[in-house]
Amino acid sequence: MTPSLCQRLLATVGRLTSLSQHLLANGCWHMLTGMPRRSDNTRAAILAAARERFAADGFERATIRAIAADANIDPSMVMRYYGNKEGLFAAAAEFDLRLPDISEISPDAVGLTLVTHFFDRWSGDETLMALLRAAVTQDSAAERMRTIFAAQLGPVAARVTPDPDEAATRAGLVATQILGFALCRFVLRLPPVTDMDRDQAIAWLAPTIQRYLTAAG
C-alpha cells in the first residue's frame, strides 16, 4: 500500500461504513507516522524476555509459558510469532562458535583442529543443537545459522586459503561437512555415522576439511 493511498484512506476515517476500509485506514497509521506496529512491540518484548530467560535457565529449563509471563503476554502469541521454543531460541540467543586461534597452528593441522573443535562443541553444547534442529524446519533459524558460519568461519578460511578470493567458497564447503555431519549424527542419528567413535569421526572428516581450506584450487 502506497503512502498516498494511505493518506486518502486516513482522511475518510469516521465517514466510512465499510469495516474493511476502516481496517485498511487504521493499518496505514504506522506507515505515515513511523510508529511501530503493535506486533513489532510484541516481538521485541518476547525476544527481550527470551534472552533473559535463556541466559538464566538455559535452553532445556526455559519454557514458553515462563517467557510469555515475563513478557506479560499470552503463550499463544509466542507460538504465533516463533513456532516453538527452538524457533524462539534461534531468534533470541547469541551464538559464538568459539573457534580456536589458528595463528599458532601449523597450516597442515588446521583441518584436524577445526574438526576436533566442532565435534566436541556439537557433542556438548545444547544451544548449537537447538539451533541446528530449528534450522531444519524454520527459515529464520536457517538464515541465522548461515550468518553465524559465514561471519565466524569465513575469517578462518581467509587466513589459510592460498587464494583469499576463494575464502567464502572454501568456508561454505567446510560448513557443508560440519553441518552435514552434525545433522546426520545428532539429529537424524544415521546409524553408520552414530556408530563411529570420536576418533574415527575426526579421522574421516579432518582430511576433507583440510583439503577444502588449503588445497590449490
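Residues numbered from 1 in each chain as written. Predicted model: local features only at pLDDT ≥ 70, side-chain atom pairs only at ≥ 80, totals over all residues. Heavy atoms only, no water.

Undergrad: What is the right way to look at the packing of helix α8 (residues 126-137) against helix α10 (residues 167-187) in this model?
TA: Helix-helix packing is characterised by the crossing angle of the two axes and by the distance between the axes. With their axes 11 Å apart at the nearest point, α8 and α10 run at an angle of 95° to one another. By the angle class used here, α8 and α10 are roughly perpendicular. Contacts between α8 and α10 involve Met 129, Leu 132, Arg 133 and Val 136 on the former and, on the latter, Leu 179, Ala 182, Leu 183, Phe 186 and Val 187. (Axes fitted to C-alpha atoms, helices over the stretch in contact; angles between N-to-C directions. Helix = DSSP H or I, 4+ residues; strand = E, 2+ residues; numbered from the N terminus. Parallel < 35°, antiparallel > 145°, perpendicular 65-115°, else oblique. Contact = heavy atoms within 4.5 Å.)

Undergrad: Where do I start with the packing of aromatic side chains in this structure?
TA: Any aromatic ring pair is given by two values, namely how distant the centres are and how the planes are angled relative to each other. Across all of its chains, the model carries 7 aromatic pairs by this definition. Aromatic side chains Phe 59 and Phe 89 sit 5.0 Å apart centroid to centroid with 70° between the ring planes, which places their arrangement in the edge-to-face category. Taken as a pair, Phe 59 in helix α3 (residues 38-61) and Phe 89 in helix α6 (residues 85-92) lie far apart in primary sequence, 30 residues in all. Both rings, one in Phe 119 and one in Phe 181, keep their centres 6.0 Å apart while their planes meet at 40°; by these two values the pair is tilted. A residue pair is termed long-range when its members are at least 10 positions apart, and Phe 119 in helix α7 (residues 110-124) and Phe 181 in helix α10 qualify at 62 residues. The burial state of Phe 119 is the same as that of Phe 181; both residues are buried. These aromatic residues form a ring-pair network of at least three members: Phe 54, Phe 59, Phe 89 and Phe 95. A cation sits over an aromatic face here: Lys 85 above Phe 59, 4.6 Å from the ring centre. (Phe/Tyr/Trp six-rings, centres within 6.5 Å; stacked < 30°, edge-to-face > 60°. Buried < 20%, exposed > 50% of the residue type's maximum accessible area, 1.4 Å probe, protein only. Lys NZ or Arg CZ within 6 Å of the ring centre and 35° of its normal.)

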